[in-house]
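Close look at the chain arrangement
Each chain, letter by letter, is given below.
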Amino acid sequence: MSNQDTLDRLAAVIESRLPARGGDADASYVARLLKKGPDAFLKKIGEEACEVVMAAKDADHGGDRSKVVSEVADLWFHCMVALAHYGLSPRDVMAELARREGTSGIEEKALRKAQHREDDERDERDERGERNHSNDPKGGAST
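The structure presented is a predicted model; accordingly, all values stated were derived computationally and were not measured. One numbering rule holds for all chains: residues counted from 1, following each sequence as written. Only residues with pLDDT of at least 70 are given local features in this predicted model, and only at 80 or more are side-chain atom pairs given and counted; all residues enter the totals for whole chains, interfaces and linings. In computing side-chain properties, one takes all heavy atoms of the structure into account and sets aside hydrogens as well as water.

Once that is clear, we can look at the pattern of salt bridges. Oppositely charged side chains can pair when the atoms bearing their charge come close. By definition, a salt bridge exists where a carboxyl oxygen of Asp or Glu is found within 4 Å of a side-chain nitrogen of Lys or Arg. In total, this model carries seven salt bridges according to the counting rule given. Ionic pairing is found between R91 and D8, a salt bridge with its closest N-O pair at 2.4 Å. Here R91 is found in helix α5 (residues 90-100), whereas its partner D8 is found in helix α1 (residues 3-16), with 83 residues between them in sequence. Among the residues examined, D8 registers a relative accessible area of 23% and is labelled partly exposed. E47 serves as the salt-bridge partner of K44, at 3.5 Å between the closest nitrogen and oxygen. Within this pair, K44 and its partner E47 are both found in helix α3 (residues 38-60), separated by three residues, close to a single helical turn. Each of K44, E47 and E48 takes part in a single network of salt bridges with overlapping partners. Counting from the N terminus, the helices are DSSP H or I runs at least four residues long and the strands are E runs at least two residues long. With a 1.4 Å probe rolled over the protein chains alone, any residue whose accessible area is under 20% of its type maximum counts as buried; one over 50% counts as exposed, and the rest are partly exposed.

See below:
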């Protein structure tokens, strides 16, 4: 079995625990977490991310490296809960990683910054255009 099969099976179990699919919050941790809503599972993601950092720091100082794997597994699991809540799956993440494959992280970051600047400039132009219309004595309407 492949790693993708494992992710797909786990995703299917998590999705089966969604409230819309009848997930029983009394019988399932995932169903309980999903029933509590995004604040609950997002908090868990933050906690697990911190635990990954702590395990990695411990490993840097001679600690058990297998704890890094264990904590990353916990983080991935809770991220999969979030994916299910938002109607997404691990395959969506894999597709995004595949899209990025072969692209320099430095280049991608530069492209994102350039796109962000373009978006900001467009927003500023739009705001100026709205202000011009609102300052128009005719109310900005064309006839």
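The axes are straight lines fitted to the C-alpha atoms, using for helices just the contacting stretch, and the angles between their N-to-C directions are given from 0 to 180°. Closest axis-to-axis distance for the α3/helix α4 (residues 66-85) pair is 8 Å, and the angle between their directions is 160 degrees. The orientation of α3 with respect to α4, classified from their angle, is roughly antiparallel. Helix-helix and strand crossings are classified by hand; for α3 and α4 the assignment is left-handed. For the pair α3 and α4, the contacting residues are P38, F41, K44, I45, E48, A49, E51, V52, A55, A56 and A59 in the first and K67, V68, E71, V72, D74, L75, H78, C79, V81, A82 and H85 in the second. Charged means Asp, Glu, Lys or Arg here, nonpolar means Ala, Val, Leu, Ile, Met, Phe, Trp, Tyr, Cys or Pro, and polar covers whatever is left, Gly included. Across the contact of α3 with α4, the residue classes tally to 14 nonpolar, two polar and six charged. For classification purposes, angles smaller than 35 degrees are called roughly parallel, those larger than 145 roughly antiparallel, those between 65 and 115 roughly perpendicular, and all remaining angles oblique. We call a crossing left-handed when the near helix sits turned anticlockwise from the far one by less than a right angle, and right-handed when that turn is clockwise. Contact between two residues is taken to exist if any of their heavy atoms lie within 4.5 Å; hydrogens are not considered.

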